[in-house]
Amino acid sequence: MPLTGSFSSLIIRGLLAGLIAGLLAGGVAFFLGEPHVDAAIAIEEAHSAEAAHEHESEAPTHSHDEEEALVSRTGQQAGLFLATALAGLALGAIYATVLNFARSRIALSGVALALTFAGLAWLAIDAVPFFKYPPNPPAVGDPETINQRTLLWLAAVVLGFGAIVAAGWVLRALRDSLVTVRIAATTATFVVIVGLGYVLMPGIDEVGADFPASLLWEFRISSLAVQTTLWLVLGLAFAFLTERAARSADTAHTSAGSTAGTVG
């Protein structure tokens, strides 16, 4: 069954699905990611304390006042759920808008359309940038390069979307070919474009040799798990709400038909 409902109903559906996805992603970030963030902060503080001690040894007359964070770790952890919920709401609204545009152009059922676009969004926004510019914990990275890293991440997102658009064009151009040929050509198009982009885009490696490799790997995996949860739940929740709305509409239509037949 195609995706039905007015644009406003799709937006409400997207906001609700996005809120659910954001809260669940926040839960994953809290239980899976926060321990690694705390460990990274502890390493950063230990290095800062060591550097401050060495500096005081060289200049004992100079004193340092410990700077307190503007927001405590407890406040940051509490705000985590608010941040992921707001992000889910925003993504849900954008997601519903894109589906509203695509439903008249792509011959897929409402559930298939919702799940397909959630998967493609995850691929472009999370997977493609992740394997080129994986996230780093707080103790890693030069603050002076944050603008460069942000722009490169955005470029990787654009690369992901560009590869998906090109793959979709190939899939459409080969619509009369064998299914295996269409799958192979579409996959090859995506992989080649992303691979070329990876080669042409500069690399960034700001991880110090003394930072634990296991902690870095666990932090990055937990970050990917948070984003995967967000898009997976968003797609599933929107698909569930779509299927439920379609079933309710069918039930109402059947009931109305039965009533009309009885009256007649």
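Preceding this section is the structure that the text describes.
Here we summarise the structure given alongside this text. Just so we're clear, the structure is a prediction, and the values are computed from it rather than from any experiment.

## Considerations on the packing of helix H3 (residues 110-132) against helix H5 (residues 179-200)
Part 1 of the reasoning: Viewed as axis vectors pointing N to C, H3 and H5 meet at an angle of 45 degrees, and their least axial separation amounts to 11 Å. Between H3 and H5, the angle is such that the two are oblique. Every pair of crossing elements has a handedness; the one defined by H3 and H5 is right-handed. Seen from H3, the contacting residues are Leu-123, Ala-127, Val-128, Phe-131 and Lys-132; seen from H5, they are Phe-190, Val-194 and Tyr-198.
Part 2 of the reasoning: Each residue belonging to the contact of H3 with H5 can be placed in one class, and the counts come to seven nonpolar, no polar and one charged.

## Side note on the nonpolar core
Part 1 of the reasoning: Core analysis: the largest hydrophobic core is formed by 26 residues, its most contacted members being Tyr-95, Leu-99 and Phe-238.
Part 2 of the reasoning: Going through the elements one at a time, helix H1 (7-58), helix H2 (73-102), H3 and helix H6 (213-263) are the ones with two or more residues in this core.
Part 3 of the reasoning: Setting aside residues up to four positions removed in sequence, Leu-99 forms contacts with Leu-3, Leu-113, Ala-114, Phe-117 and Phe-238.
Part 4 of the reasoning: By size, the runner-up hydrophobic cluster in this structure holds twelve residues, among which are Ala-156, Leu-159, Ala-163 and Val-194.

## Regarding the packing of aromatic side chains
Part 1 of the reasoning: A full pass over the atoms with the stated rule returns four aromatic pairs.
Part 2 of the reasoning: Seen from their ring centres, Phe-30 and Phe-81 are 5.9 Å apart, and the 40 degrees between their planes marks the pair as tilted. On the criterion of sequence distance, the pair formed by Phe-30 in helix H1 and Phe-81 in helix H2 is long-range, its members being 51 residues apart.
Part 3 of the reasoning: Here Phe-81 falls in the partly exposed class, since its relative accessible area comes to 29%.
Part 4 of the reasoning: Centroid distance Phe-130 to Phe-131: 5.2 Å. Interplanar angle 90 degrees. Geometry classified as edge-to-face.
Part 5 of the reasoning: Owing to a relative accessible area of 12%, Phe-130 belongs among the buried residues under this scheme.
Part 6 of the reasoning: Here the aromatic residues Phe-30, Phe-31 and Phe-81 are joined through ring pairs into a cluster of three or more.
Part 7 of the reasoning: Lying across the ring of Phe-238, Arg-13 places its NZ or CZ 5.7 Å from the centre.
Part 8 of the reasoning: Its end group placed over the ring of Phe-101, Arg-105 keeps NZ or CZ at 3.8 Å from the ring centre.

## Overview of H3
Part 1 of the reasoning: Compared with an ideal rise of 1.5 Å per residue, which puts 23 residues at 33 Å, H3 spans 33 Å between its outermost C-alpha atoms and is within 8% of the ideal.
Part 2 of the reasoning: The sharpest bend along H3 measures roughly 40 degrees and falls at Leu-123.

## Concerning the side chain of Thr-84
Part 1 of the reasoning: Considering the arrangement of structural elements, one finds Thr-84 in helix H2.
Part 2 of the reasoning: A distance of 3.1 Å separates the side chain of Thr-84 from the backbone oxygen of Phe-81, its partner in a polar contact.
Part 3 of the reasoning: Beyond its immediate stretch of four places on either side in the chain, Thr-84 contacts Gly-22 and Gly-26.

Criteria and thresholds
Residues numbered from 1 in each chain as written. Predicted model: local features only at pLDDT ≥ 70, side-chain atom pairs only at ≥ 80, totals over all residues. Heavy atoms only, no water. Axes fitted to C-alpha atoms, helices over the stretch in contact; angles between N-to-C directions. Helix = DSSP H or I, 4+ residues; strand = E, 2+ residues; numbered from the N terminus. Parallel < 35°, antiparallel > 145°, perpendicular 65-115°, else oblique. Left-handed = near helix turned anticlockwise from the far one by under 90°. Contact = heavy atoms within 4.5 Å. Nonpolar A, V, L, I, M, F, W, Y, C, P; charged D, E, K, R; others polar. Core = buried A, V, L, I, M, F, W, Y, C linked by side-chain atoms within 4.5 Å. Buried < 20%, exposed > 50% of the residue type's maximum accessible area, 1.4 Å probe, protein only. Phe/Tyr/Trp six-rings, centres within 6.5 Å; stacked < 30°, edge-to-face > 60°. Lys NZ or Arg CZ within 6 Å of the ring centre and 35° of its normal. Expected span 1.5 Å × (residues − 1). Bend = angle between axes of the 7 residues up to and from the residue. Polar contact = N/O pair within 3.5 Å; in protein donor to acceptor, adjacent residues only side chain to side chain.

Note that all results are geometric; they support no functional claim without further evidence.
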